[in-house]
Amino acid sequence: MKNLFLMFFVSLGLIAFLGSIQGYAFVAPSRHGAMPIGWTSQIWSTSTYMGAALERSHELKKSGESVELAKNSYIKALSDAFIPAITFSAINSPYSAYNNPKLDLNKNNTTVNTGLSLNLFNSFKDKTAVDISYIDKGISEINLLLKKQQIALYSLGNYYDILRKKKLLKVVRASKRSYKEQYEKVKRYHKDGMKSLSDLLKSNLNYRNSQLGEIAAIENYKKSMMTFNILLYISPSAEVNISDIDKQYERTLPDIKADIKYALKNRPEMRLAKLALKKSLLDKSKAFLNALPNFSIYANWDKAGIGGIGRAASGITDPTYSINASLSIPLGPETVSDRNNLIASRIKVKENSRYIKLLEFEIEKEIMSEYLSLETALKTHEVSKMKADISKQNLKIVNQKYGEGQSGMIELAEAQGDDLSSQSELANSFYDLLLSRAQYNKTVGINLFQE
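Description of the structure in this document. (Residues numbered from 1 in each chain as written. Predicted model: local features only at pLDDT ≥ 70, side-chain atom pairs only at ≥ 80, totals over all residues. Heavy atoms only, no water.)

For the rest of this paragraph, the subject is the sheet that holds strand S5 (residues 294-304). Spatial strand order, S2-S3-S5-S6: four strands in an open sheet with antiparallel pairing. Two strands in the sheet have a free side with no partner beyond their single neighbour: strand S2 (85-91) and strand S6 (320-328). Across the sheet, the mean angle separating the axes of adjacent strands is 20 degrees when strand polarity is ignored. With nine bridges joining them, S5 and S6 adopt antiparallel strand pairing. If you follow Trp301 over to S6, its bridge partner there is Tyr321. (Pairing = 2+ DSSP bridges. Helix = DSSP H or I, 4+ residues; strand = E, 2+ residues; numbered from the N terminus. Axes fitted to C-alpha atoms, helices over the stretch in contact; angles between N-to-C directions.)

We now examine the packing of helix H4 (residues 125-191) against helix H8 (residues 333-403). Running from N to C, H4 and H8 point in directions that differ by 15 degrees, and their axes come no closer than 12 Å. The angle between H4 and H8 falls in the class roughly parallel. For the crossing formed where H4 meets H8, the hand is left-handed. Packed against H4, whose contacting residues are Gln182, Lys185, Val186 and Tyr189, the element H8 presents Asn399, Tyr402 and Gly403 at the interface. (Parallel < 35°, antiparallel > 145°, perpendicular 65-115°, else oblique. Left-handed = near helix turned anticlockwise from the far one by under 90°. Contact = heavy atoms within 4.5 Å.)

Glancing now at the packing of aromatic side chains. Taken as a whole and judged by the stated rule, the model has eleven aromatic pairs. An angle of 55 degrees between the planes, with centres 6.2 Å apart, marks the rings of Phe121 and Phe295 as tilted. With Phe121 in strand S3 (residues 111-121) and Phe295 in strand S5, this pair connects stretches of sequence that are 174 residues apart. Using a relative accessible area of 28% as the deciding quantity, one classes Phe121 as partly exposed. Within the aromatic cluster, the residues linked to one another by ring pairs are Trp44, Tyr49, Tyr159 and Phe228. Above the face of the Tyr402 ring, Lys195 is positioned so that its terminal group lies 3.8 Å from the ring centre. (Phe/Tyr/Trp six-rings, centres within 6.5 Å; stacked < 30°, edge-to-face > 60°. Buried < 20%, exposed > 50% of the residue type's maximum accessible area, 1.4 Å probe, protein only. Lys NZ or Arg CZ within 6 Å of the ring centre and 35° of its normal.)

A pair of packed helices is characterised by two quantities: the angle between their axes and the separation of those axes. Their axes nearest at 7 Å, the elements H8 and helix H9 (residues 409-444) cross at an angle of 160 degrees. With respect to H9, the axis of H8 lies roughly antiparallel. Read as a crossing pair, H8 and H9 show a hand that is left-handed. Across the contact of H8 with H9, the residue classes tally to 17 nonpolar, 14 polar and twelve charged. (Nonpolar A, V, L, I, M, F, W, Y, C, P; charged D, E, K, R; others polar.)

Quick look at a positive patch on the surface now. A surface patch of like charges, here positive, comprises Lys166, Lys167, Lys170, Arg177 and Lys392. Within the secondary structure, Arg177 sits in helix H4. (Patch = residues over 30% accessible without salt bridge, like charges linked within 9 Å, V, L, I, M, F, W, Y side chains within 5 Å. Areas by Shrake-Rupley, 256 points an atom, 1.4 Å probe, with all protein chains shown as cover. Salt bridge = Lys/Arg side-chain N within 4 Å of Asp/Glu carboxyl O. Lys, Arg positive; Asp, Glu negative; His and termini not counted. Charge placed at Lys NZ, Arg CZ, Asp CG, Glu CD.)

Looking now at the pattern of salt bridges. Scanning the entire structure with this criterion turns up 18 salt bridges. Close ionic contact of Glu269 with Arg267 constitutes a salt bridge, the shortest N to O distance being 2.9 Å. Residue Glu269 is classed as partly exposed on the basis of its relative accessible area of 24%. Arg267 gets classed as buried once you look at its relative accessible area, which sits at 7%. Its salt-bridge partner being Lys387, residue Glu425 comes within 2.7 Å of it at the nearest N-O pair. Of this pair, Glu425 sits in helix H9 while Lys387 sits in helix H8, and the two are 38 residues apart along the sequence. A single network of salt bridges, built from pairs that share partners, joins Arg173, Lys176 and Glu214.

What follows is the structure, encoded as structure tokens:
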């Protein structure tokens, strides 16, 4: 006997130990650790960067896991409604005070039972539960889509920002070269007595200011690079290669009426609001059913034994089966609670109906606002291009006139400052335009990412 118990507990310990080893063996390393192989040589584009951001996003993974949970809840609701409950039990008492001898491994001491139970009708409560879980699944999928849109727009903003800072750094460096060349030229003119000391000091000051501008531009570019990397869980100090964007852009404005019509039907927030209204209607039906007397019908089937083990004794009906109907009428505090739930569900339906009406106006307002921003960004970029051309031509003329002694240092400094400002405005306006277009598309409900 002692040996039997000893072997039993040793076996349990061994199973637990092996299970713990197996559990540790299959622990996977975090995906958010080191940079994936090949990313150091990756030349990023907007599509590849957005795809990597979506693939690496912790928030998106959480939303995806919520979808999986909602799907499993829906499957559970279906199984509860339509699949019979099956139970199998087997009991044996190899050691008991009632055995003779006390240790008896006879199979005749085994009791085996198989039972099936199926809900045939329960006042449509199972069907309501299935419908609610299906809507919950749809809500989780739309929330996942909204999160994808959010991350996609954020990744585009990061991408455009680093190109913007890179372009601005290029503009500042070109301006610094111009100031340096001008300073060297004025030094020669001053040495030959052609320019005053004031001109020399002013040109030197402009050159030093351009150096400070380059230092600030480098800092902004590096900070933008860090933001670019962090979204992918890459080390902030890692160097990455980014391809520029085609200078072509959409010059025509979208059809705002068609886009509003599309958004009111397809925008994820509107689809989410409509699903919430459907769910509140089902919750009202559920509350109404709970307030009624509970009538249900169940089918049961039980059989003893399996093969030659645990069969029912002779003369006993086996298997047994039945169809049972039950009616219960709750009274007292439960009735008051059901009434309160019904009133609350009706109010929720009214709230969700009002919210859809309000959301329609909000969506139309957002689209009109983004449309105006897009229109402004498009016009700003067109004017910025003209300003950049004009300032460049003007600088060339003033620079020539200064060399000929027909203009002063103040006029030249203004021309150089105008050129730097207009080139910076041109770079900013281009990426502002691209980002404004993406924001407009998101507001309309157009997917920014590829499925």
